[in-house]
Amino acid sequence: MHRYPDQDIAAIYRVIEQRRDMRHFLPDPVDPALLRRLLEAAHHAPSVGYMQPWRFIRIANRRLREEIGKLVDAERLRTADQLGERQAEFLRLKVEGIRDCGEVLVAALMDGRERHVFGRRTLPEMDLASVACAIQNLWLAARAEGLGMGWVSLFDPAALSALLGMPEGAKPIAVLCLGHVAEFYAQPMLEQEKWASRQPLEQLVFEDRWCD
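Here the structure is a predicted model, which is why all the values come from computation and not from measurement. (Residues numbered from 1 in each chain as written. Predicted model: local features only at pLDDT ≥ 70, side-chain atom pairs only at ≥ 80, totals over all residues. Heavy atoms only, no water.)

Grouped together as the largest cluster of nonpolar side chains are 27 residues, with contacts concentrated most on I68, F90, I98, V106, L160, L164 and V175. Only α3 (62–81), β2 (103–109) and β4 (171–179) provide two or more residues apiece to this core. Here V175 is in contact with I68, I98, V104, L105, V106, G150, W151, V152, F155 and L160, once residues within four sequence places are set aside. Listed in part, the 23 residues of the second largest apolar core include L38, W139, A141 and M149. (Core = buried A, V, L, I, M, F, W, Y, C linked by side-chain atoms within 4.5 Å. Buried < 20%, exposed > 50% of the residue type's maximum accessible area, 1.4 Å probe, protein only. Helix = DSSP H or I, 4+ residues; strand = E, 2+ residues; numbered from the N terminus. Contact = heavy atoms within 4.5 Å.)

Below is the structure:
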């Protein structure tokens, strides 16, 4: 009696399968009402102890967006230096769409998280897991609405925190590029670019104990 109609179930599985980490965007603006709906979807995410540790900063200032882009550019080069023989291959990849997309959001962890021990006493990283759930909600809602989204993690958290005037204890964890796209990738971009491939599910699901 609690099951959704077949067409609704199919839509949920379809949006999960067709979600993509987008890097190529059109400059068209995102309707404010639509952005509000997407953020409401994020805010409905589960969180450990109902602490709701997510904070979203909308980057409206173009100069500030450019400064964030520079932080990403710098970390991109530092990352390339660590990749050895794959350095040139990595540098050919488009890793962000900050300067192109309609909206940029920074997703962050709140400050004062040490007060919240419900569900975090032995697993303090569950606050991060909760924010990741909010980002996934936003991502799936965006895909259902026909918008692309990309999660950028190439930045120095301390530098971005200082740039955005974040309080002590807060931490940025994602720069989210959001906007209209000409098309969605047929496969995840890193799979299309032969950087990596999806692992078989059978190798990742164990029964009763860890298996090598």
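Attention now goes to the UniProt feature "domain: Nitroreductase" (unreviewed entry) in the protein. Mapped onto this structure's residue numbering, the UniProt feature "domain: Nitroreductase" (unreviewed entry) falls at residues 16–180. With 40% helix and 16% strand, residues 16–180 has its two end C-alpha atoms placed 18 Å apart. (UniProt positions renumbered as here; feature names shortened; annotations may be inferred.)

Scanning the model with the defined rule gives three aromatic pairs in all. A cation over a ring is seen here: R19 above W139, with NZ or CZ 4.4 Å from the ring centre. Over the face of the ring belonging to W195 we find R86, whose NZ or CZ atom lies 3.7 Å from the ring centre. (Phe/Tyr/Trp six-rings, centres within 6.5 Å; stacked < 30°, edge-to-face > 60°. Lys NZ or Arg CZ within 6 Å of the ring centre and 35° of its normal.)

At a minimum axis separation of 9 Å, helix α1 (residues 6–18) and helix α5 (residues 126–144) run at an interaxial angle of 105 degrees. The angle between the axes of α1 and α5 places the two elements in the roughly perpendicular class. In contact with V15, I16 and Q18 of α1, α5 contributes L140, R143 and A144. Its residues placed into classes, the contact of α1 with α5 shows four nonpolar, one polar and one charged. (Axes fitted to C-alpha atoms, helices over the stretch in contact; angles between N-to-C directions. Parallel < 35°, antiparallel > 145°, perpendicular 65-115°, else oblique. Nonpolar A, V, L, I, M, F, W, Y, C, P; charged D, E, K, R; others polar.)

On to the side chain of R20. Within the secondary structure layout, R20 lies in the loop between α1 and α2 (32–43). The charged side chain of R20 is buried without a salt bridge, its nearest counter-charge being E17 at 6.3 Å. For R20, the side chain forms a polar contact with the main-chain oxygen of Y185, separated by 3.0 Å. (Lys, Arg positive; Asp, Glu negative; His and termini not counted. Salt bridge = Lys/Arg side-chain N within 4 Å of Asp/Glu carboxyl O. Polar contact = N/O pair within 3.5 Å; in protein donor to acceptor, adjacent residues only side chain to side chain.)

For R65, the location among the structural elements is in helix α3. In this structure, R65 is buried with no salt-bridge partner, the nearest side chain bearing the opposite charge being E103 at 5.5 Å. If we skip the residues at most four places from it in the chain, R65 touches I59, I98, R99, D100, C101, G102, E103 and V104.

Okay, the environment of G112 next. Within the secondary structure, G112 is located in the loop between β2 and α5. Residue classification places G112 among the buried positions, given a relative accessible area of 13%. Spatially, the C-alpha atom of G112 lies 9.5 Å from that of P167, the residues being 55 residues apart in sequence.

The four strands lie next to each other as β1-β2-β4-β3, forming an open sheet whose pairing is antiparallel. A strand with exactly one partner marks an edge of an open sheet, and here the two such strands are β1 (54–58) and β3 (148–152). For this sheet, the mean inter-axis angle between neighbouring strands, taken without regard to orientation, is 25 degrees. Two elements, β1 and β2, share five bridges in a ladder whose sense is antiparallel. Across the sheet, residue I57 finds its bridge partner in β2, namely V106. (Pairing = 2+ DSSP bridges.)

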